[in-house]
Amino acid sequence: MSLRRLAIWPTLPLNTYFRKPADQTPFPLNQEGCRIFSLARQAIWNASKSMGLQENDVILTPAYHHGSEVEALLQAGLKIKYYDINENLEPDPEELESLITEEVKAFYLIHYLGFPQNATFWKTWCEKHQLIFIEDAAQAFLAHFQGQPLGSFGQMGIFCLYKTYGIPDGGAVICTSPPSLPQVPAKLGWWKVFKRHFNWVAAHRGELGAIHLWVSPIIRWWKVKRYKPHAEFNLDDPNTPPTKLTLSLLPKLLSEETFEIRRKNYQYLLDQISEWVPMPFRKLTEGACPFAFPVQMDNPTAFLEKLRKKGVMGLLFWINPHPSLPVESFPQSKKFREKMLALPVHQELNQSELDQIIHAVKTSI
Ligand SMILES: Cc1ncc(COP(=O)(O)O)c(C=O)c1O
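For every chain, the first residue of the written sequence is number 1, and numbering continues from 1 along that sequence. Only residues with pLDDT of at least 70 are given local features in this predicted model, and only at 80 or more are side-chain atom pairs given and counted; all residues enter the totals for whole chains, interfaces and linings. In computing side-chain properties, one takes all heavy atoms of the structure into account and sets aside hydrogens as well as water.

With respect to the domain arrangement of the protein chain
Point 1. The split of the chain into domains comes from an automatic or database domain assignment. Taken domain by domain, the protein chain holds domain 1 (6-13 + 189-232 + 254-362) and domain 2 (21-175).
Point 2. Taking only C-alpha atoms into account, the centre of domain 1 sits 23 Å from that of domain 2.
Point 3. Here domain 1 and domain 2 share an interface that buries about 3,700 Å² over both sides, 64% of which is from carbon and sulfur atoms.
Point 4. Here the quantity called buried area is the accessible surface, traced with a 1.4 Å probe, that two parts lose on coming together, added over both. Looking at the side of domain 1 facing domain 2, the largest losses of area belong to L254, W318 and H322, adding up to 21% of the total buried there.
Point 5. Any Lys or Arg side-chain nitrogen found within 4 Å of a carboxyl oxygen on Asp or Glu counts as a salt bridge. Along the contact surface separating domain 1 from domain 2 lie zero salt bridges.
Point 6. We define a polar contact as two N or O atoms separated by no more than 3.5 Å, with the added condition that, inside protein, one atom must be a possible hydrogen donor and the other a possible acceptor, whereas residues neighbouring each other in sequence contribute only through side-chain atom pairs. Linking domain 1 with domain 2 are 18 residue pairs in polar contact (both at pLDDT 80 or more).
Point 7. In terms of residue count, helix α10 (residues 331-339) provides more of the side of domain 1 that touches domain 2 than any other element does, five residues in total.
Point 8. Within the side of domain 1 that touches domain 2, the residues separate by chemical class into 25 nonpolar, 12 polar and eight charged. Strands are runs of DSSP state E lasting at least 2 residues, helices are runs of H or I lasting at least 4, and numbering of each runs from the N terminus. In this classification, the charged set is Asp, Glu, Lys and Arg, the nonpolar set is Ala, Val, Leu, Ile, Met, Phe, Trp, Tyr, Cys and Pro, and all remaining amino acids, among them Gly, are polar.

So, the sheet that holds strand β5 (residues 104-110)
Point 1. When DSSP finds two or more bridges between two strands, those strands count as paired. One open sheet holds the seven strands; their spatial order is β2-β10-β9-β6-β5-β3-β4, and the pairing between them is mixed. With one partner strand each, in any of the chains shown, β2 (35-37) and β4 (79-83) form the two edges of the open sheet. Put simply, the sheet's adjacent strands are angled 20° from each other on average, direction ignored.
Point 2. Relative to strand β10 (residues 171-175), β2 runs antiparallel, the two sharing three bridges. Bridge pairing in β10 links R35 to V173.
Point 3. Across the face of the sheet, helix α1 (residues 40-50) comes into contact with β2, β5, β9 (156-160) and β10 while running at roughly 25° to β10. Helix axes use the C-alpha atoms of the stretch in contact, all axes being lines fitted to C-alpha atoms, and the angles between their N-to-C directions lie in the range 0 to 180 degrees. We call two residues in contact when some of their heavy atoms are within 4.5 Å.

A closer look at the site of the ligand
Point 1. Being near a molecule or strand, for a residue, comes down to having at least one heavy atom within 4 Å of it. Around the ligand, the structure places 14 residues, and the nearest of them are A40, R41, D136, Y162 and K163.
Point 2. Residue K163 places a side-chain N or O atom 2.8 Å away from an oxygen atom belonging to the ligand.
Point 3. With the chains in place, 96% of the 390 Å² that the ligand exposes on its own is no longer accessible.
Point 4. Looking at the shell around the ligand, the elements that each hand over two or more residues are α1 and α2 (68-75).
Point 5. Its residues assigned to classes, the shell around the ligand shows seven nonpolar, three polar and four charged. Where accessible areas are quoted, they stem from the Shrake-Rupley method and a 1.4 Å probe; at the residue level, only the protein chains shown are allowed to cover.

Topic: a nonpolar patch on the surface
Point 1. Residues with no salt bridge and a relative accessible area higher than 30% make up the patches, which join like charges within 9 Å and nonpolar side chains (Val, Leu, Ile, Met, Phe, Trp, Tyr) within 5 Å. A contiguous nonpolar patch, built from L188, W190, W191 and F194 and spanning about 480 Å² of accessible area, is present on the exposed surface.
Point 2. Structurally, L188 can be placed in the loop between β10 and α5 (190-204).

With respect to the packing of aromatic side chains
Describing an aromatic ring pair means giving the distance of the ring centres and the angle of the ring planes.
Point 1. Between 30 and 60 degrees the pair is tilted, below 30 it is stacked and above 60 it is edge-to-face, where a pair is any two Phe, Tyr or Trp rings, Trp via its six-membered ring, whose centres lie within 6.5 Å. One pass over the structure, following the stated rule, counts 25 aromatic pairs.
Point 2. Arranged with centres 5.9 Å apart and planes meeting at 70°, the rings of W190 and W191 form a pair that is edge-to-face.
Point 3. With a relative accessible area of 54%, W190 lands in the exposed category.
Point 4. Taken together, the aromatic side chains of Y83, F107, F121, W122, W125 and F133 make up a single cluster linked through ring pairs. The rule is simple: take the accessible area with a 1.4 Å probe, protein chains only, and divide by the maximum for that residue type; under 20% is buried, over 50% is exposed, in between is partly exposed.

Remarks on the side chain of D84
Point 1. Secondary-structure assignment places D84 in the loop between β4 and α3 (93-99).
Point 2. The buried charged residue D84 lacks any salt bridge partner; its closest oppositely charged side chain belongs to R337, at an N-O distance of 8.5 Å.
Point 3. One polar contact links the side chain of D84 to the main-chain amide nitrogen of Q332, over a distance of 3.2 Å.
Point 4. In this structure D84 touches A63, E90, P91, E95, F330, P331, Q332 and S333, once residues within four positions along its chain are discounted. Charge assignment: positive for Lys and Arg, negative for Asp and Glu; neither His nor the chain ends contribute.

A few points about the pattern of salt bridges
For side chains bearing opposite charge, pairing can occur when the charged atoms are close.
Point 1. Taken as a whole and judged by the stated rule, the model has six salt bridges.
Point 2. We note a salt bridge from E127 to K123, for which the minimum N-O separation is 3.6 Å. Within this pair, E127 and its partner K123 are both found in helix α4 (residues 119-129), separated by four residues, close to a single helical turn.
Point 3. Residue K123 is classed as partly exposed on the basis of its relative accessible area, which comes to 33%.
Point 4. The closest approach of N and O atoms between E305 and R308, which form a salt bridge, is 3.3 Å. Taken together, the residues span about one helical turn, with E305 and R308 both in helix α9 (residues 300-309) at a distance of three residues.

Examining the side chain of Q42
Point 1. Among the structural elements, Q42 can be located in helix α1.
Point 2. Within the structure, the side chain of Q42 is placed 3.5 Å from the backbone nitrogen of S38, a separation counted as a polar contact.

As for α4
Point 1. Within α4, the full set of buried residues consists of A119, W122, W125 and C126. Relative to the axis of α4, the buried residues are bounded by an arc of 125° and lie together on one face. For α4, the exposed residues lying more than 90 degrees away from the buried face are E127 and K128.
Point 2. In this fold, the buried residues of α4 make contact with β3 (58-62), α3, β5, β6 (132-136) and β7 (144-145).
Point 3. Two residues or fewer after α4 comes Q130, characterised by a positive phi angle close to 55°. Note: the arc covers the axis-to-C-beta directions of the helix.

And the structure:
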């Protein structure tokens, strides 16, 4: 049996080592104050400190979040006040205003799946309320709003470089008061590089994809057995630098085409399977650089299992919120968590792989 295996994470082409470094470096990597850590959560922790946020300062944070960013803020000594998002994944200014007290010092905004929030509005809103504006563009590297890069509107912008390119790690931050660089020696990162290469081969060679398909239930069983709730949110050592391979491979992968290809792939999928896409993502808005292709299902787990058998590894991302969230108090966030899953849209996919995704979705409903 031959089945190409397509996952949402960008793969690492084998020829990367022979490429020339990019001529142009995108925001925020072209800024002197940009700092790169191993993970974005470590960048958040370090920047919260360097920006002068004090112990017990309160930060308005979305109930719809990954969890690791919340953990980083808590570990930095901050207090969290959650807000819900509306059906367009936007915060509601009235709800936010009702939450503001003297202790509230910052507002945390997430640009979901690479789609821009109205950053200009929120910048002005934060100025009016004298709040530090933190823009989480972890899923939105290369995206922009009204021609300006996401992450450049606030006093702090956060990015996950490895979500856009097949590198082992890399969480970047740009902020008005940059933290110091990690001083410990960097790891090489060969194991993650090997996995990203393996995924590239499995996406192109059906034989390898099929082997992986048979092996993956065993790997999953092993992971479930060892599963520790919320371990995925761990900050680890906040002073961890990116791996050596991240820093050497990233310049060879950066390309102005990434933005265009991700958008083209997204539009191609949208033209064929838009009826299952949640409303806020049914139009490819200007400036969006899609991280993944979202689909909404009443029974996402069964749907994902059917997709998996067709080689498409979707992800029910963010199913577990941070344990500090009172889930039931934020119904809209809960709905997105339980029903929205993500499919691949990255720049290494070719036409026939996109067709494989479309076919898998249409035959699994
Ligand atoms: C919105 C958001 N912010 C922050 C993070 C933290 O990124 P990292 O896993 O690199 O620490 C994530 C991770 O998925 C995320 O989705």
